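Observations on the model geometry
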Amino acid sequence: MAVLERTYPMKDWSKGMTAFEVLVSTVLSQSTTIANERRGLEGLRTAFGQITPEILAGAGDDEIAAAIWHAGLARQKAPRIRRIAKSIWEAWNGRVERILELPTEAARAALMALPGVGPKTADVVLAMAGGHPTFPVDTHVARIARRWNFVRSSDYESIRAALERRTPPKKRKSWHLAMIAHGRALCRARNPRCDECPVRSDCDWYRRVRNRRRSRARRATKG
Ligand code: SF4
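Residues numbered from 1 in each chain as written. Predicted model: local features only at pLDDT ≥ 70, side-chain atom pairs only at ≥ 80, totals over all residues. Heavy atoms only, no water.

**Topic: the overall build of the protein chain**
A tally of regular secondary structure across the protein chain gives 13 helices and 0 strands. Reading the protein chain from its N terminus to its C terminus gives the helix and strand order α-α-α-α-α-α-α-α-α-α-α-α-α. The principal-axis extent of the C-alpha atoms belonging to the protein chain is close to 75 × 35 × 30 Å. The buried share of the protein chain, taken over its 223 residues, is 47%. For the protein chain, the accessible surface area stands at approximately 11700 Å², while carbon and sulfur atoms represent 50% of it. (Helix = DSSP H or I, 4+ residues; strand = E, 2+ residues; numbered from the N terminus. Buried < 20%, exposed > 50% of the residue type's maximum accessible area, 1.4 Å probe, protein only. Areas by Shrake-Rupley, 256 points an atom, 1.4 Å probe, with all protein chains shown as cover.)

Next up, the structure:
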C-alpha cells in the first residue's frame, strides 16, 4: 500500500469542510460521480447560504431536493439529509464535532444512530472529518481488497476488519484515499489495466490471471 500512497499523493477532498458538510457530502455521493456530488453541495450553499444542521433541519424536503438535484436521487436524499440535520440539531446541539470528540467506537455508534447513516458513511465522517483511525470501505476499496486476497467476503465489516488489521492506524485515511484513486485510475471493475499497475507483483488477482494465460498458452502450443 505504501507504493500506492506514493503513486497517488493524498488529495483530501474534505479540506476546508465542516464535519456536517462532510456528512452531507457523503450522503450526496451515493450512486453518483464526485462532480455531481460537488454540484449538489454547491446547490445547497447557493440555496441556503450555509450548510448547517439548524438550517437544513428547518428546510422543506422539496427545497432540499431542488438544491441537490444534480447529485441524483434527490427525492430520497433530501428527506434523509433533513432527518440527519434534525437529529444532530436536537441531540447534539447542532454539532457533529461533539460526536467526533467521543472515542472511536462510541462516535461510530452515535453516527450510526442518526437516521439513514450506515457504517460506510459513519467511517467516512470519522476518518475524514474526525481523524479517527477507521478504514472506510467503498466499492473501489472492496474490489481491490478482494483482488489482493485480503478477504473473500463482500460483507462490509469483514472487509474493514481485514484492512484495519493490515494498516497502521495513522495510515488508514491516506491508504483509503490511495485505494480509491487506484480503483478509478487502473484497478477498474471491468478490464483493470494490470500491465500499468505498480503493485501487480504483489497482486493475487494478477497472479491468477497471468497463470491462467500461461496455461492456456501452453495448451495452445501443445495442441
Ligand atoms: S494488478 Fe490489476 S487487479 Fe491487481 S491491483 Fe493492479 S490493476 Fe488491480
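From this point, things continue past the structure.
**So, helix H6 (residues 74-91)**
Given a rise of 1.5 Å per residue, 18 residues ought to cover 26 Å, and the 25 Å separating the end C-alpha atoms of H6 matches this to within 8%. Burial in H6 covers these residues: Ala74, Lys77, Ala78, Pro79, Arg80, Ile81, Arg82, Ile84, Ala85 and Ile88. Tucked into the core, H6 has its buried residues touching helix H2 (19-28), helix H4 (53-57), helix H5 (61-67), helix H7 (96-100) and helix H9 (119-130). A positive phi of about 55° marks Asn93, the residue just after H6. (Expected span 1.5 Å × (residues − 1). Contact = heavy atoms within 4.5 Å.)

**Notes on the packing of aromatic side chains**
Two measures describe an aromatic ring pair: the distance that separates the ring centres and the angle between the ring planes. Across all of its chains, the model carries 1 aromatic pair by this definition. One residue, Arg147, lies across the ring of Trp205, its end atom 4.7 Å from the ring centre. Positioned above the aromatic ring of Phe150 is the side chain of Arg166, whose terminal nitrogen or guanidinium carbon lies 3.9 Å from the ring centre. (Phe/Tyr/Trp six-rings, centres within 6.5 Å; stacked < 30°, edge-to-face > 60°. Lys NZ or Arg CZ within 6 Å of the ring centre and 35° of its normal.)

**Overview of the site of the ligand**
Close contacts around the ligand come from Arg147, Trp148, His182, Cys187, Cys194, Cys197, Arg200, Cys203, Trp205 and Tyr206, and that covers them all. For the shell around the ligand, the per-class residue count stands at 7 nonpolar, 1 polar and 2 charged. (Near = heavy atom within 4 Å. Nonpolar A, V, L, I, M, F, W, Y, C, P; charged D, E, K, R; others polar.)

**Section: unusual backbone geometry**
Phi angles above zero are rare outside glycine, and Leu73 is one such case at about 50°. Tracing the backbone through its elements, the reader meets Leu73 in the loop between H5 and H6. You can call Leu73 partly exposed: its relative accessible area is 41%. Within the chain, Asn149 stands out as a residue other than glycine whose phi angle is a positive 65°. Here Asn149 is to be found in the loop between helix H10 (139-147) and helix H11 (156-166).

**Description of the packing of H2 against helix H3 (residues 34-48)**
As a packed pair, H2 and H3 sit with axes 9 Å apart at the nearest point and diverge in direction by 130°. It follows from the interaxial angle that H2 and H3 lie oblique. Judged by the sense of rotation from one axis to the other, the crossing of H2 with H3 is right-handed. For the pair H2 and H3, contact is made by Glu21, Val24, Ser25 and Leu28 and by Glu37, Arg38, Gly40, Leu41, Leu44 and Arg45, respectively. Residues of the contact of H2 with H3, tallied by class, amount to 4 nonpolar, 2 polar and 4 charged. (Axes fitted to C-alpha atoms, helices over the stretch in contact; angles between N-to-C directions. Parallel < 35°, antiparallel > 145°, perpendicular 65-115°, else oblique. Left-handed = near helix turned anticlockwise from the far one by under 90°.)

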